[in-house]
Amino acid sequence: QLQASGGGLVQPGGSLRLSCAASGSTFTIINDMGWYRQAPGKQRELVAQIRSGIITSGPRTNYADSAKGRFTVSRDNAKNTVYLQMNDLRPEDTAVYYCNTVPGRPDIWGQGTQVTVSS
């Protein structure tokens, strides 16, 4: 199972870095990985994705329009970890953030990590 962490309470304009790890496995390396979020009363949405760590050509990342220019997804294969750097956070970014494969596998969603943007 994947473990997302790094969420918290931050003021508008602030930053957070989320981490997603699959301890003891290369799961996050061999799969295309994504960061998803779900706000109260809304459907879960994919905000950022990164190609498998074994893919060496072509575009590697993709973002939802709401995340472009503010969020950056990256991976550290040595640590089997995927990150989401979020800058210039806005109240509308408030949600539970999850990591999963792209497309998402229903059996590994996990609990996610809460991000709250509020003054």
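Here the structure is a predicted model, which means the values were calculated and not measured. (Residues numbered from 1 in each chain as written. Predicted model: local features only at pLDDT ≥ 70, side-chain atom pairs only at ≥ 80, totals over all residues. Heavy atoms only, no water.)

J.: Just give me the short version of the environment of Val 82, but keep the residues and values in it.
T.: Within the secondary structure layout, Val 82 lies in strand E8 (residues 81-86). For Val 82, a relative accessible area of 1% puts it in the buried group. Along the chain, Val 82 and Gln 3 lie 79 residues apart, while their C-alpha atoms are 10 Å from each other. Once residues lying within four places of it in the same chain are set aside, the contact partners of Val 82 are Leu 18, Ser 19, Cys 20, Thr 28, Met 33, Trp 35, Ile 50, Val 73, Ser 74 and Arg 75. (Helix = DSSP H or I, 4+ residues; strand = E, 2+ residues; numbered from the N terminus. Buried < 20%, exposed > 50% of the residue type's maximum accessible area, 1.4 Å probe, protein only. Contact = heavy atoms within 4.5 Å.)

J.: Residue-level account of the nonpolar core, with values.
T.: In a soluble, globular protein the nonpolar side chains are often hidden away together inside. One finds Leu 2, Trp 35, Phe 71, Val 73, Leu 84, Met 86 and Tyr 97 to be the most contacted residues of the largest nonpolar core, which totals 28 residues. Mapped onto this core, the elements with two or more residues apiece are strand E3 (16-21), strand E4 (33-38), strand E5 (45-50), strand E7 (71-76), E8, strand E9 (95-101) and strand E10 (113-117). What Phe 71 contacts, discounting residues up to four positions off in sequence, is Arg 37, Tyr 63, Leu 84, Gln 85, Met 86, Asn 87, Leu 89, Asp 93 and Tyr 97. (Core = buried A, V, L, I, M, F, W, Y, C linked by side-chain atoms within 4.5 Å.)

J.: Break down the packing of aromatic side chains for me, with residues and values.
T.: Enumeration over the complete set of coordinates arrives at two aromatic pairs. Pairing Tyr 36 with Trp 109 gives two aromatic rings, centres 4.9 Å apart and planes at 80°, and the pair type is edge-to-face. Placement of the pair is Tyr 36 in strand E4 and Trp 109 in the loop between E9 and E10, with a sequence separation of 73 residues. Residue Trp 109 is classed as buried on the basis of its relative accessible area of 19%. With 5.9 Å between their ring centres and 80° between their planes, Tyr 98 and Trp 109 make a pair best called edge-to-face. Of the two residues, Tyr 98 is situated in strand E9 and Trp 109 in the loop between E9 and E10; the sequence distance between them amounts to eleven residues. You'll find Tyr 98 and Trp 109 in the same group, each marked buried. (Phe/Tyr/Trp six-rings, centres within 6.5 Å; stacked < 30°, edge-to-face > 60°.)

J.: Can you tell me about the pattern of salt bridges, naming the residues and giving the values?
T.: One pass over the full model with this rule turns up six salt bridges. Across the pair Glu 45 and Arg 37 runs a salt bridge whose closest N-O atoms are separated by 2.8 Å. Residue class for Glu 45 comes out partly exposed when judged on its relative accessible area of 32%. Taking relative accessible area as the criterion, Arg 37 reaches 6% and is therefore assigned buried. Shared partners join several salt bridges into a network, and the residues in it are Arg 37, Glu 45, Arg 70 and Asp 93. (Salt bridge = Lys/Arg side-chain N within 4 Å of Asp/Glu carboxyl O.)

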